[in-house]
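Take a look at the letters that make up each chain.
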Amino acid sequence: KVKEAIEKLHLMEGTAAVRLQDEAVSASWRMKNARRRMAEVQPSHIGGILLTPRRVLLESRWLGFGEAGKVAFRIYPAGDATAQPGNATVFIWMEKPPGLSFTFNLRVGEILITAPRLWQATMIHYRMDL
């Protein structure tokens, strides 16, 4: 029985490795009026405008995320209580633990792409400051 269990685990490992290599999964949240919703526009004393992050919570709907289920995003443009000054805070939630660990990047617009992050198999949320 131990041999059978080891063989089944080996097969599961191989299947998981193939699925992870073959499947590029993404979830996109396109926010309408993002600048107005995330920042206050103020005139700058040297001309132009100054954007100040709003102290609000913006939340996406649940978005499809391949076989892993669904994800949702929460953004605090001015950061949450533990954020460093000047940073925004982003939470990513999964409706259930994915069962497999994986790496992911967060892309914000055309300008910001985070370094790869590790999502643990048993996690349902991930927090990061930007």
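Residues numbered from 1 in each chain as written. Predicted model: local features only at pLDDT ≥ 70, side-chain atom pairs only at ≥ 80, totals over all residues. Heavy atoms only, no water.

A.B. asks: How would you summarise a nonpolar patch on the surface if you had to cite specific residues and measurements?
C.D. replies: The grouping of Val41, Ile49 and Leu51 at the surface amounts to a nonpolar patch, some 270 Å² of accessible area in total. Summarising the element assignment, Leu51 is placed in strand E2 (residues 49-53). (Patch = residues over 30% accessible without salt bridge, like charges linked within 9 Å, V, L, I, M, F, W, Y side chains within 5 Å. Areas by Shrake-Rupley, 256 points an atom, 1.4 Å probe, with all protein chains shown as cover. Salt bridge = Lys/Arg side-chain N within 4 Å of Asp/Glu carboxyl O. Helix = DSSP H or I, 4+ residues; strand = E, 2+ residues; numbered from the N terminus.)

A.B. asks: Got a sec to walk through the pattern of salt bridges? Specific residues and values, please.
C.D. replies: Scanning the model with the defined rule gives 4 salt bridges in all. One continuous salt-bridge network, built from bridges that share partners, spans Asp80, Arg127 and Asp129.

A.B. asks: Give me the lowdown on the side chain of Thr114, citing residues and values where you can.
C.D. replies: With respect to the helices, strands and loops of the structure, Thr114 is situated in the loop between strand E9 (112-113) and strand E10 (117-119). Its relative accessible area of 8% is what places Thr114 among the buried residues. Setting aside residues no more than four positions away along its own chain, Thr114 makes contact with Asn105, Leu106, Met128 and Leu130. (Buried < 20%, exposed > 50% of the residue type's maximum accessible area, 1.4 Å probe, protein only. Contact = heavy atoms within 4.5 Å.)

A.B. asks: An account of the pairing of strand E6 (residues 89-94) is requested, with residue identities and associated values reported.
C.D. replies: When you tally the buried positions in E6, you get 5 out of 6 residues, the bulk of the element. As paired strands, strand E5 (residues 70-76) and E6 are joined by 6 bridges and run antiparallel to one another. Following the sheet pairing, Ala72 is matched in E6 by Trp93. Inspection of the sheet shows E6 paired to strand E11 (residues 125-129) by 5 bridges, in the antiparallel sense. (Pairing = 2+ DSSP bridges.)

A.B. asks: Account for the pairing of strand E1 (residues 39-43), with residues named and values stated.
C.D. replies: Direction of pairing for E1 relative to E2: antiparallel, over a ladder of 5 bridges. Among the inter-strand pairings, Val41 is bridged to a residue of E2, identified as Leu51. Adjacent in sequence and paired antiparallel, E1 and E2 are bridged by 5 residues, among which Gly47 carries a positive phi angle near 100°.

Take it as geometry only, folks, not as evidence of what the structure does.
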